[in-house]
Amino acid sequence: MTKTKDKSAAALPLNSILDGDCVEVMNSLPAASVDLIFADPPYNLQLKGDLHRPDNSHVDAVTDHWDQFSSFEAYDQFTRAWLKAARRLLKPNGAIWVIGSYHNVFRVGTALQDAGYWLLNDVVWRKSNPMPNFRGKRFTNAHETLIWASRDEGAKYTFNYEALKALNEGVQMRSDWVIPLCTGHERLKDANGDKAHPTQKPEALLHRVLVGTTNPGDVVLDPFFGTGTTGAVAKMLGREYIGIEREAAYREAAAARIAKVRKFDREALTVTTSKRAEPRVPFGQLVERGLLRPGEALYSPRGQVAKVRADGTLIGSDVRGSIHQVGAHLEGAPSCNGWTYWSFRKDGMNVPIDVLRQQIRSEMN
């Protein structure tokens, strides 16, 4: 159950919403304790007066006090302060996502680099259902920008490349994401039926961020928690979350929302991983385990034959060496993935030797 705690919490307050100024609260938490930060700070929209549609109906724009700053200098001071506090909280291989619009994202990008973060990507969130430009004096503002940065240059940050590729129907995930605005049943409403928060982000956006750049059990902090989209998605995906929010109405809405969320089961949380992250299995283990026997023939895609030796090497008519070396020699190539190149015969069929490697890996896991 989500609990609302005050900023005096001493230990790392997992799965809690903390009340207070984000800089003060972050400075009270243990250093190097967070895996990922997702930040949706005030955009400093600089709106001048009310906005109306062509039929003169009022547009519910962001006019809240928390988005108003006296000057660009004041906004920059605020940005530098919270980014400094956030960086102290990140683990050495931690990372941060910051979302913004053209009003603030360029200033935030500069502040990130000045603070020592290492920029990894900027991602364009293209809204499939953007709000029109009612005055007709500018382009329709149909996107926002997310900046993804590691705490330090050279950090071994989490990037689940294969999982993101699987989300994108087997195609490498690009840096332009088409996701609709938060509408319909997902949009939280207050007791009067109005938006509980003017800039609630869609869960689909956070799902992609967390699946792609965190692992189950990781700690995700959101210093501008709002109505808790980060916490709701983190809970579903088996991540721990910490939210910071100074507005009582938002904290209450977020706590009620997250309390209704059910965590996915362990099997559902498993994502596609890179083969490089899987346990290493030397070809010789297949021979030691009796899955392949010394003298047994392996076949190339073109029907060339090499025989297995007792030490896990292969011997062909004019070459000997590892499964990779012999395959590369036969193909006249500088390198070869022997696991996918060679097959053995079973019941009259050619079976890739990688099937045997996966059998051993499943036993390891």
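Residues numbered from 1 in each chain as written. Predicted model: local features only at pLDDT ≥ 70, side-chain atom pairs only at ≥ 80, totals over all residues. Heavy atoms only, no water.

The name that an unreviewed UniProt entry assigns to the protein chain is Methyltransferase, with the source organism given as Seohaeicola zhoushanensis. Here is the UniProt Catalytic activity (unreviewed entry) comment for the protein chain, exactly as written: "a 2'-deoxyadenosine in DNA + S-adenosyl-L-methionine = an N(6)-methyl-2'-deoxyadenosine in DNA + S-adenosyl-L-homocysteine + H(+)". (UniProt positions renumbered as here; feature names shortened; annotations may be inferred.)

A word on the overall build of the protein chain. Scanning the protein chain from terminus to terminus reveals 12 helices and 15 strands. Expressed as a percentage of its 365 residues, the buried residues of the protein chain come to 44%. Carbon and sulfur atoms form 49% of the exposed surface of the protein chain, whose accessible area is close to 19500 Å². (Helix = DSSP H or I, 4+ residues; strand = E, 2+ residues; numbered from the N terminus. Buried < 20%, exposed > 50% of the residue type's maximum accessible area, 1.4 Å probe, protein only. Areas by Shrake-Rupley, 256 points an atom, 1.4 Å probe, with all protein chains shown as cover.)

Quick look at the packing of aromatic side chains now. Considering all chains together, one arrives at 11 aromatic pairs under this definition. With a centroid separation of 6.3 Å and an interplanar angle of 55 degrees, the aromatic rings of Phe159 and Tyr161 are classed as tilted. The exposure class of Phe159 is partly exposed, given its relative accessible area of 40%. Classification of Tyr161 by relative accessible area gives partly exposed; the value is 28%. (Phe/Tyr/Trp six-rings, centres within 6.5 Å; stacked < 30°, edge-to-face > 60°.)

It is worth spelling out the pairing of strand β11 (residues 305–308) at this point. For strand β10 (residues 297–299) and β11, the ladder comprises three bridges, and the chain directions are antiparallel. Each bridged residue has a counterpart across the sheet, and for Leu298 the counterpart in β11 is Ala306. Joining the antiparallel neighbours β10 and β11 is a turn of five residues, in which Gly303 adopts a positive phi near 85 degrees. Pairing between β11 and strand β12 (residues 314–315): two bridges, direction antiparallel. Counterpart to Lys307 in the pairing with β12 is Ile315. (Pairing = 2+ DSSP bridges.)

We now examine the nonpolar core. The biggest cluster of nonpolar side chains holds 34 residues, and the ones touching the most others in it are Trp97, Leu146, Trp177, Leu205, Val209 and Leu210. When residues in this core are grouped by element, the largest group, five residues, is from helix α5 (residues 203–213). Setting aside anything within four residues of it in sequence, one finds Trp97 in contact with Leu36, Ile37, Phe38, Ala39, Val123, Leu146, Ile147, Trp148, Trp177, Val209 and Thr213. Ranked by size, the runner-up nonpolar core spans 31 residues in total, among them Leu90, Val219, Leu221 and Ile242. (Core = buried A, V, L, I, M, F, W, Y, C linked by side-chain atoms within 4.5 Å. Contact = heavy atoms within 4.5 Å.)

Right, let's talk about the environment of Thr313 for a bit. Structurally, the position occupied by Thr313 is in the loop between β11 and β12. The buried category is assigned to Thr313, whose relative accessible area is 18%. Distance in space between the C-alpha atoms of Thr313 and Gln325 is 9.4 Å, their sequence separation being 12 residues. What Thr313 contacts, discounting residues up to four positions off in sequence, is Lys307, Val308 and Gly321.

Residues of the protein chain with pLDDT of at least 70 account for 89%, and the chain-wide mean is 88. Counted against residues more than four places away or in other chains, residues 48–53, with its pLDDT under 50, gives 15 contacts. For residues 57–62, every residue scores under 50 in pLDDT, and the model assigns this stretch 18 contacts once sequence neighbours within four places are set aside. (pLDDT = per-residue confidence, 0-100.)

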